[in-house]
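Listed below are the residues making up each chain.
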Amino acid sequence: MPPGIRFVPAIATWIVLAAASGAAAQTPLNPHDALPERPSVATHAWTVAPGWIEIEGGLEFDRFQDHVHNETAPLTTKVGLTHRTQLEVQTPVIHAAGLHSAPGDVLVGAK
């Protein structure tokens, strides 16, 4: 048997298992469940259910040299438009040392 033929069953098995696990991972249990996106941990391909609004928020504290600090509160609002489309609007609220809090740049996207 040529050396390359031994790998064909292993590759075929891997493709079947990857396709089966990918299909199961794409179906949410309940379309109205909150689906937070955590880019540093995991990002899913699901969208918010049509007509639903989901709001995400967080806090970030930064400390720089000379004890200068900065606080940021990123806020994201997601609106389900269709079964596979959502509108996303994101803006952080920023507070730097010696300054008042103010909104940051606005990001608008579709998924």
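Bear in mind that the values here come from a model prediction, so they are computed numbers and not experimental data.

**Q** I'd like to hear about the overall build of the protein chain, residue by residue, with values.
**A** In terms of regular secondary structure, the protein chain is built from one helix and six strands. The order of helices and strands in the protein chain, counted from the N terminus, is α-β-β-β-β-β-β. For the protein chain, the proportion of its 111 residues judged to be buried stands at 16%. Taking as baseline every contact in the protein chain between residues at least 6 positions apart, the subset at least 24 positions apart corresponds to 29%.

**Q** Quick rundown of the environment of Gly 51? Include the residues and the values.
**A** With respect to the secondary-structure elements, Gly 51 resides in the loop between helix H1 (7-25) and strand E1 (53-57). Taking the C-alpha atoms as reference points, Gly 51 and Leu 81, 30 residues apart in sequence, are found 6.3 Å from one another.

**Q** How would you summarise the side chain of Asn 70 if you had to cite specific residues and measurements?
**A** Its place among the elements puts Asn 70 in strand E3 (residues 69-82). A relative accessible area of 16% places Asn 70 in the buried class.

**Q** Explain the pairing of E1 to me, and be specific about the residues and the numbers.
**A** Side-chain direction in a regular strand flips from residue to residue, so the side chains alternate between the two faces of the sheet. A one-sided burial pattern is seen for E1, the buried positions being Glu 54 and Glu 56 and the unburied ones Ile 53, Ile 55 and Gly 57. By the bridge criterion, five bridges tie E1 to E3 in an arrangement that is antiparallel. In the strand pairing of E3, Ile 53 is matched with Val 79.

**Q** Describe the confidence of the model for the protein chain, naming the residues involved and giving the relevant values.
**A** With 63% of its residues at a pLDDT of 70 or more, the protein chain has an overall mean of 75. Of all the helices and strands in the protein chain, H1 carries the lowest mean pLDDT, 57, while strand E6 (residues 107-110) carries the highest, 92.

**Q** Give a detailed account of the environment of Ile 94, specifying residues and quantitative values.
**A** Looking at the secondary structure, you find Ile 94 in strand E4 (residues 85-96). Owing to a relative accessible area of 32%, Ile 94 belongs among the partly exposed residues under this scheme. C-alpha separation for the pair Ile 94 and Pro 74, spaced 20 residues apart in sequence, amounts to 8.3 Å. Setting aside residues up to four positions removed in sequence, Ile 94 forms contacts with Asn 70, Glu 71, Thr 72, His 100, Ser 101, Ala 102 and Gly 104.

**Q** Kindly report on the side chain of Gln 86, identifying the contributing residues and their values.
**A** Of note, Gln 86 is situated in strand E4. A residue is classified by how much of its surface remains accessible, and Gln 86, at 1% relative accessible area, is buried. Of the polar contacts made by the side chain of Gln 86, one reaches the backbone nitrogen of Val 48; its length is 2.8 Å.

**Q** Outline the pattern of salt bridges, supporting the account with residue identities and numerical values.
**A** Between side chains of opposite charge, pairing is possible as soon as their charged atoms come close. Tallied over the entire structure, the rule returns two salt bridges. Ionic pairing is found between Glu 54 and Lys 78, a salt bridge with its closest N-O pair at 3.0 Å. On the criterion of sequence distance, the pair formed by Glu 54 in strand E1 and Lys 78 in strand E3 is long-range, its members being 24 residues apart. For the pair shown, Glu 54 and Lys 78 are each scored as buried. Across the pair Glu 56 and Lys 78 runs a salt bridge whose closest N-O atoms are separated by 2.7 Å. Of the two residues, Glu 56 sits in strand E1 while Lys 78 sits in strand E3, which places them 22 residues apart along the sequence. Neither Glu 56 nor Lys 78 differs from the other in exposure class; each is buried.

Here is what the cut-offs are and how they apply
Residues numbered from 1 in each chain as written. Predicted model: local features only at pLDDT ≥ 70, side-chain atom pairs only at ≥ 80, totals over all residues. Heavy atoms only, no water. Helix = DSSP H or I, 4+ residues; strand = E, 2+ residues; numbered from the N terminus. Buried < 20%, exposed > 50% of the residue type's maximum accessible area, 1.4 Å probe, protein only. Contact = heavy atoms within 4.5 Å. Pairing = 2+ DSSP bridges. pLDDT = per-residue confidence, 0-100. Polar contact = N/O pair within 3.5 Å; in protein donor to acceptor, adjacent residues only side chain to side chain. Salt bridge = Lys/Arg side-chain N within 4 Å of Asp/Glu carboxyl O.

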